[in-house]
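# Structural overview for review
Spelled out from the first residue to the last, the chains are:
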Amino acid sequence: MNNAFLNKLINTDAGWGALALRIPVGIIFAAHGAQKLFGWFGGYGLEGTGQWMDSIGLSPGYLMALLAGGAEFFGGLALIIGLLVRPASAVLAFAMLVAIFSVHIGNGLFMSNNGYEFGLALLAVSVSLVFSGAGRASIDRAIAAR
């Protein structure tokens, strides 16, 4: 891989603020992905999530559940450890756009009505991390310093 491209991908001048975003949001994404992939934390696993995705028009449901769950689980882990944060955040931002526009937009803003406010907050953090990078205390920063 081209070193200049890799350096642009992982370089970050962000401070501790990115860490404050990465850890809690990474935990949230990883947990939601684990619900979809493994049925952990009260989730339905790939089969159940896939059937639900099929029912709302995201077909093939099993593949969509695998893609969404994989993005959330592995993207969340990437945020937690601070590795490849920009690409992980871009994938997570896309997943949140899909969730907002395919599931929540018709319900209004508020979570009490299954609205899009939570997805919007996660989208905002993801987009912020695409621009800022991983910040301090990240593997990206350690690699870029070499």
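Preceding block: the structure.
First things first, this report covers the structure right here in the doc. In this text, all values refer to a predicted model and were calculated from it rather than measured experimentally.

Parameters and conventions
Residues numbered from 1 in each chain as written. Predicted model: local features only at pLDDT ≥ 70, side-chain atom pairs only at ≥ 80, totals over all residues. Heavy atoms only, no water. Buried < 20%, exposed > 50% of the residue type's maximum accessible area, 1.4 Å probe, protein only. Helix = DSSP H or I, 4+ residues; strand = E, 2+ residues; numbered from the N terminus. Arc of directions from axis to C-beta. Contact = heavy atoms within 4.5 Å. Core = buried A, V, L, I, M, F, W, Y, C linked by side-chain atoms within 4.5 Å.

## Side note on helix α3 (residues 45-55)
Each α-helix turn comprises 3.6 residues. Residues three or four places apart therefore point the same way. Within the sequence span of α3, burial applies to G45, L46, T49, G50 and M53. One side of α3 carries all its buried residues, which in axial view fall inside an arc of 140°. Away from its buried face by more than 90 degrees, α3 exposes E47, Q51 and S55. Elements that come into contact with the buried residues of α3 comprise α2 (16-38) and α4 (61-81).

## What about the nonpolar core?
V25, F29, L79, M96 and L129 are the most contacted members of the largest nonpolar core, which totals 17 residues. Mapped by element, the contributors of at least two residues to this core are α2, α5 (85-104) and α6 (117-132). Residue contributions to this core peak at 7 residues, all from α5. In this structure L79 touches R22, V25, G26, F29, V85, S89, L92 and L129, once residues within four positions along its chain are discounted. Core analysis: the next-biggest nonpolar cluster, separate from the first, contains 8 residues, A30, A34, L37 and F73 among them.

Read these as layout, nothing more, since geometry by itself doesn't imply function.
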